[in-house]
Amino acid sequence: MIENTSQRLERYKRLIEISRDLASTLDLDPLLNRIIHAAKDITDAQAASILLYDDTARELYFQVATNPSPMMRGLVIPMDSIAGWIVANRKAVRIGDVKNDTRYFKNIAKTLSFATQSIMGVPLITKDKVIGVLEVLNKSGGEFTATDEDMLSVLGAQAAIAIENTRLFQQSDLIAEFVHELRTPLASLSTATYLLLRPEISREQGEIIIHNIHQETNRLNALATSFLDLARLESGRVRFQKSSFPFQLVCEECKGVMNSKAEESQIQIHLEIPSDMPIVQADREKIKQVVMNLVSNAIKYNRPGGQVTLRAGQEEKSWYFSVTDTGPGIPEEALPNLFQKFYRFKGMETKTTGTGLGLSICKQIVLGHNGRIEVKSKVGEGTTFIVHIPN
Ligand SMILES: Nc1ncnc2c1ncn2[C@@H]1O[C@H](COP(=O)(O)OP(=O)(O)O)[C@@H](O)[C@H]1O
Ligand SMILES: [Mg+2]
């Protein structure tokens, strides 16, 4: 079908609107979703997707698609695929029938559970670096045209800038908060060393101060590690490596690691995992990190002699796990803040040390699995965190 001038003008107008829209989105996930829907729209395709390129690991992996399948996010695409070719050659590709192209990666079609006929992709390049690939699949009623390729290239160029902007924006935001969080421990370290240098300080007093310095440096270390974890997760640069494993094992490992800490406060950790709990599919290490964070909180914010219970189960289209404690609980009005970076509930922060990043990391990992995390709490009784992950 030959496009007439006014139709083409319409498409250009649409493209300009989209570019404006993209420039004003500063959250990565919504931005990527807008890009793929726009790509699908302006090229009259059946589906669109974005693959991101991790230049440290030199790996290309799936990030979003217009028809999402939970298992697809994080799927590594071989570099000898069509998308890999686009990254390596920094050029657009337009193929009428993928069956005739040896670079076509059939695994994608399987995970997408949809038959690909035609495909077109452009590299996403900013500051001379390839950050990913934007692909559209199956032109309705024919093959992608040279005009489609122009359209997608313009969109790709805008999209790459917008992606880079959200990354920079998020980083600067996070760094500002991080620096702010550094001030308190640095101030107390500075005071401590000043006191140590005073001649009137006794040996005993000196030891107490050194102990404090030791604790503060440990906390700074934990803060730096958590901060880097969170920064990587938020920038969408973390790849989720899914595998199948029995969830029970992860719980036993966590219990093993956490037992000694729990025993210090005579807290017992119970596992209530049904024996018929099916094998789950997820990023094992990251899910373990979530369980560890939640169990560590449940021990930390508990009473001496208290209980921590780890449960799991299967739902219709997902599986879940929960961590329940017998701690002081969290007032209703504080619950919405818990998953915010650096937030620590005032009532307790004097008693315990922490970074306020644990739950933000949990949330990012759960979102990376297309799941959700919830909290229920009753002051004086305890708190339960529940995580649901789609199958
Ligand atoms: N199980 C819990 N019971 C009560 N309060 C909790 C619990 N888990 C988390 N919180 C509150 O949420 C805040 C944020 O938790 P988190 O992000 O893990 O940071 P951190 O543990 O380093 O303070 C904690 O400071 C605490 O006030
Ligand atoms: Mg914590």
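Remember, it's a predicted structure, so these values are computed and weren't measured experimentally.

What counts, and where the lines are drawn
- Residues numbered from 1 in each chain as written.
- Chains lettered and ligands numbered in written order.
- Predicted model: local features only at pLDDT ≥ 70, side-chain atom pairs only at ≥ 80, totals over all residues.
- Heavy atoms only, no water.
- Phe/Tyr/Trp six-rings, centres within 6.5 Å; stacked < 30°, edge-to-face > 60°.
- Helix = DSSP H or I, 4+ residues; strand = E, 2+ residues; numbered from the N terminus.
- Buried < 20%, exposed > 50% of the residue type's maximum accessible area, 1.4 Å probe, protein only.
- Lys NZ or Arg CZ within 6 Å of the ring centre and 35° of its normal.
- Disulfide = S-S within 2.5 Å.
- Pairing = 2+ DSSP bridges.
- Expected span 1.5 Å × (residues − 1).
- Bend = angle between axes of the 7 residues up to and from the residue.
- Near = heavy atom within 4 Å.
- Polar contact = N/O pair within 3.5 Å; in protein donor to acceptor, adjacent residues only side chain to side chain.
- Areas by Shrake-Rupley, 256 points an atom, 1.4 Å probe, with all protein chains shown as cover.
- Nonpolar A, V, L, I, M, F, W, Y, C, P; charged D, E, K, R; others polar.

Time to look at the packing of aromatic side chains. Centre-to-centre distance and the angle between the planes together describe a pair of aromatic rings. In total, this model carries five aromatic pairs according to the counting rule given. Seen from their ring centres, F178 and F227 are 3.9 Å apart, and the 20° between their planes marks the pair as stacked. Highlighted residues: F178 in helix α5 (residues 146-196) and F227 in helix α6 (residues 203-234), separated in sequence by 49 residues. Between F339 and F385, the ring centres sit 6.2 Å apart and the planes meet at 85°, which makes this aromatic pair edge-to-face. Taken as a pair, F339 in the loop between β11 (318-325) and α9 (346-349) and F385 in strand β13 (residues 382-390) lie far apart in primary sequence, 46 residues in all. For F339, a relative accessible area of 16% puts it in the buried group. Here a set of aromatic residues connected by ring pairs shows up, and it is made of F247, W319 and F321. If you follow R284 out to its NZ or CZ, it ends over the ring of F245, 5.6 Å from the centre.

Our next topic: the state of the cysteines. The term disulfide refers to a covalent linkage connecting the sulfur atoms of a pair of cysteines. Throughout the structure, instances matching the rule amount to zero disulfides. The thiol sulfur of C251 is not disulfide-bonded, and the nearest other cysteine sulfur, from C254, lies at 6.5 Å. For C254, a relative accessible area of 1% corresponds to the buried category.

Buried residues dominate strand β1 (residues 45-54), accounting for nine of its 10 residues. Of the pairings in the sheet, the one linking β1 to strand β6 (residues 129-139) comprises seven bridges and is antiparallel in character. Within β6, the position partnered with S49 by the bridge is E135. Here six bridges tie β1 to strand β2 (residues 59-65), and the two strands are oriented antiparallel to one another.

Since there are 3.6 residues in each turn of an α-helix, residues three or four apart along the chain are aligned in direction. The end-to-end C-alpha distance of α5, which contains 51 residues, comes to 73 Å, matching closely the 75 Å that a straight helix rising 1.5 Å per residue would cover. At R183, α5 shows its largest kink, close to 25°, and the proline P185 lies no more than four residues downstream.

The environment of ligand 1 is formed by 18 residues, the closest being D325, R344, T355, G356 and L359. Here an oxygen atom of ligand 1 and a side-chain polar atom of K300 are 3.1 Å apart. Within the backbone of L359, one N or O atom sits 2.8 Å away from an oxygen atom of ligand 1. Look at ligand 1: alone it shows 530 Å² of surface, and the protein chains cover 97% of it. Elements represented by at least two residues in the shell around ligand 1 include exactly α8 (284-300), α10 (358-368) and β13. Within the shell around ligand 1, the residues separate by chemical class into nine nonpolar, six polar and three charged.

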